[in-house]
Amino acid sequence: MKDKIFGVLQRIGRSFMLPIAVLPVAGLLLGIGSSFTNETTIATYRLGTILGEGTILHGLLVIMSKAGSAIFDNLPIIFAIGVAIGMAKAEKEVAALSAAIAFFVMNVSISAVLEVTGKILPDGSISPDVLEGTIASVCGIQTLQMGVFGGIIVGLGVAALHNRFHKILLPNALSFFGGSRFVPIISTLVYVFVGILLYFVWPPVQNAIFALGGLVTGTGYLGTLIFGIVKRALIPFGLHHVFYLPFWQTAVGGTMMVDGNLIQGGQNIFFAQLASPDVVHFSADATRYFSGEFIFMIFGLPGAALAMYRQAKPEHRKTAGGLLLSAALTCMLTGITEPIEFSFLFVAPVLFAVQVILAGSAYMIAHILNIAVGLTFSGGFLDLLLFGILQGNAKTSWLRIIPAGIIYFLLYYFIFSFLIKRFNLKTPGREDSGEGTKLYTKADVNEKKNAGKRAASKGQESSERERMIAEGLGGKDNISDVDCCATRLRCTVLDSDKVREDVLKRTGASGVIKRGRAVQIIYGPNVTVIKANFEEYLKNGAGLEEDAGTLRRLYSPFTGKAYPISAAADTAFAEKMMGDGYLVEPEKGEAVAPEDGRVKFVFPAKHAVGMKTKDGIEYLLHIGIDTVKLDGKGFEVFVRDGDTVKKAIC
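Residues numbered from 1 in each chain as written. Predicted model: local features only at pLDDT ≥ 70, side-chain atom pairs only at ≥ 80, totals over all residues. Heavy atoms only, no water.

Going by the annotation in an unreviewed UniProt entry, the name recorded for the protein is PTS system protein, with Clostridium symbiosum given as the source organism. Its UniProt record, at the heading Subcellular location (unreviewed entry), says of the protein: "Cell membrane". (UniProt positions renumbered as here; feature names shortened; annotations may be inferred.)

(A) Representation of the nonpolar core within the structure. With 113 residues, the main nonpolar core has F79, V154, I340, Y412 and F416 as its most contacted residues. The greatest single-element share of this core, amounting to eleven residues, is contributed by helix α14 (residues 293–310). If you count residues domain by domain, this core takes at least three from each of domain 1 (1–224) and domain 2 (290–423). Formed by 21 residues, the second largest nonpolar core is a distinct cluster that contains A470, C491, I521 and L538. (Core = buried A, V, L, I, M, F, W, Y, C linked by side-chain atoms within 4.5 Å. Buried < 20%, exposed > 50% of the residue type's maximum accessible area, 1.4 Å probe, protein only. Helix = DSSP H or I, 4+ residues; strand = E, 2+ residues; numbered from the N terminus. Domains from an automatic or database assignment.)

(B) How the structure looks around the domain arrangement of the protein. Entries for the protein in the domain assignment read domain 1 (1–224), domain 2 (290–423), domain 3 (443–450 + 461–540) and domain 4 (558–645). On a C-alpha basis, the centres of domain 1 and domain 2 stand 33 Å from each other. At the junction of the two partners, domain 1 supplies 16 residues and domain 2 supplies 13 residues. Both sides of the domain 1 and domain 2 interface together cover about 1,100 Å² of buried area, and 67% of this is carbon and sulfur. Of all residues in domain 1, S35, Y221 and T224 give up the largest surface area on contact with domain 2, accounting jointly for 42% of the area buried on that side. Where domain 1 packs against domain 2, one counts zero salt bridges. Taken together, the elements giving at least two residues each to the side of domain 1 that touches domain 2 come down to α1 (2–21), α2 (23–35) and α10 (220–233). (Contact = heavy atoms within 4.5 Å. Buried area = accessible area lost by both parts, 1.4 Å probe. Salt bridge = Lys/Arg side-chain N within 4 Å of Asp/Glu carboxyl O.)

(C) Expanded view of the sheet that holds strand β8 (residues 518–522). Across the sheet, which stays open at both edges, the four strands sit in the order β5-β6-β8-β7 with antiparallel pairing between neighbours. Looking at the sheet topology across the chains shown, the edges are occupied by β5 (479–484) and β7 (511–515). On average, adjacent strands in this sheet sit at an angle of 20° to one another, irrespective of strand direction. Of the strand pairs in this sheet, β5 and strand β6 (residues 488–493) are connected by five bridges, and their pairing is antiparallel. Pairing of D483 across the sheet is with R490, part of β6. (Pairing = 2+ DSSP bridges. Axes fitted to C-alpha atoms, helices over the stretch in contact; angles between N-to-C directions.)

(D) Spatial organisation of the pattern of salt bridges. Following the criterion strictly, the structure yields six salt bridges and no others. A salt bridge links E293 to K231; the shortest N-O distance between them is 2.5 Å. On the criterion of sequence distance, the pair formed by E293 in helix α14 and K231 in helix α10 is long-range, its members being 62 residues apart. When sorted by exposure, E293 lands in the same class as K231, which is buried. A salt bridge links E341 to R232; the shortest N-O distance between them is 3.1 Å. Here the residue E341 occupies a position in helix α16 (residues 338–345), and R232 occupies one in helix α10, the gap between them amounting to 109 residues. Of the two residues, E341 and R232, both sit in the buried class.

Here it is in structure tokens:
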């Protein structure tokens with residue numbers, strides 16, 4: 001049950017990433033537009049001649065600001081469509097259209113019930129006995145104020161209907177409406193009744209959400225600390241999106257009246273205040289769910305990177321320095337922390353525990369210091385520039401980030417340095433002799449391409465990495481679903497026992513997280529490209545044989561699981577120095593002839609046999625790694641040089 005819940009949460013979390021991904025560009029438009037049309041900013045920097053009201057640039061900036069606001073104002077339908085796409089297993093475009101239709105149908109149904117019950121008057125106004133903030137205009141429809149929860153309800157429900165009915169077969173007379181065409185039909189019918197049901201169900205749910213938001217807000221600085229610790233602790237499991245989204249986008253993160261409108265969620269409150277000309281100082285109670293990120297992302301984690309560099313072995317320091325510098329700059333500029341965090345998460349979990357505590361406390365410190373800097377995606381310098389520096393210290397108190405950040409830089413540096421040295425932790429550059437220095441979240445593995453064709457009709461080359469990912473997940477037939485978030489390839493498999501973590505790590509992954517049928521493979525920010533290549537491989541290349549003139553079927557000499565030769569622990573075989581082949585993990589201690597032919601030689605150590613088929617193809621059967629050192633002990637051979645053998649199928 002625990003693994004099933006994890007799998008569902010993983011799918012929900014990754015489905016949130018598509019709508020969340022649009023927020024940075026919306027924030028960019030709103031941030032730049034609002035900053036440079038603000039009268040105080042224009043006066044402070046004496047930009048009235050080029051940005052003053054009536055200038056061309058002023059008009060353009062107003063348009064940019066309104067374009068950004070349009071996205072934040074319509075997040076419910078964006079989430080409805082995005083979640084449906086993320087949760088649908090096939091024909092995602094059908095799920096998207098069905099979600100849009102269901103969203104309108106649901107809200108119109110709610111609006112109709114509100115009219116029937118007298119909550120909305122004939123002239124379109126709201127009845128005086130309706131509590132303020134409980135009814136809102138969504139895409140021009142007067143409906144219940146559900147925020148992004150309304151979109152998520154639609155997205156999840158439509159995706160479930162889509163996955164259930166997109167292949168339905170109807171009687172011949174109705175066959176035109178079968179298959180994917182049935183999904184928008186059933187979604188429309190279902191969400192008429194969902195809208196009616198929500199009229200009765202949502203008000204008490206909304207009251208509970210408001211109460212929860214009040215409880216969170218009422219815990220003050222302690223609540224901020226707990227929020228920060230939990231959010232960072234969920235990073236390895238990829239469930240942090242599920243956790244923080246309600247605080248950012250719903251009443252769980254608090255409510256506030258801005259320009260006469262009830263705004264729900266910390267991020268929404270900040271951007272509503274950003275667009276308002278009347279705000280003197282942004283609300284630190286709203287931004288406490290993200291302002292602290294600037295402290296540990298721009299200052300703290302780079303301090304950890306410096307500590308790992310200084311503690312690297314002299315012979316590895318140059319290589320480790322280049323990798324850690326790249327990761328630190330990524331963290332400082334964009335707020336993407338995985339390249340640094342996952343470089344020590346799997347090799348030194350104690351350091352990640354320290355990171356969780358320090359990062360969690362940074363949220364609380366920012367709240368205490370009344371720092372109110374917003375963000376769209378993560379707490380890097382780009383967001384700090386747009387939503388802190390350009391807004392002015394009077395509105396954001398952004399200057400307080402600098403002294404706090406310096407303190408955190410020193411804390412990270414000295415604590416990491418002490419722990420690495422004291423416990424001899426194998427951070428980048430401290431690997432044992434013979435191991436290569438690498439920063440695990442950089443997918444910098446050499447992507448060797450197969451020399452052969454996928455198929456004569458395709459004439460395409462397949463990536464070695466994509467092939468190994470498929471093998472590591474138990475083969476194409478074992479893969480149920482593929483998606484990704486910002487840094488992880490998120491897959492669902494049919495049989496988790498077939499997953500080979502060692503093979504997946506050879507593809508350049510920094511780590512593999514497996515919970516039941518849910519598998520997360522951590523690659524870093526370029527995971528979207530890996531996902532696209534992998535999906536293309538599964539669609540066009542996986543399982544296809546090369547030209548029949550260059551390949552032939554070879555039966556296995558063992559009973560067991562087969563893997564690509566690149567998964568071998570011996571580099572001589574993994575890099576195909578001995579030629580191409582495959583690897584078998586045997587279940588029984590016996591090997592048989594994989595083909596009719598003649599034994600060319602038996603090694604004196606009995607660990608390897610060479611043979612040649614009638615048509616001249618030579619094979620080497622090699623058992624184990626470094627088994628030559630056994631000098632024949634444990635082996636019994638039943639053939640000699642020159643013997644003729646017949647194929648025996650395992």
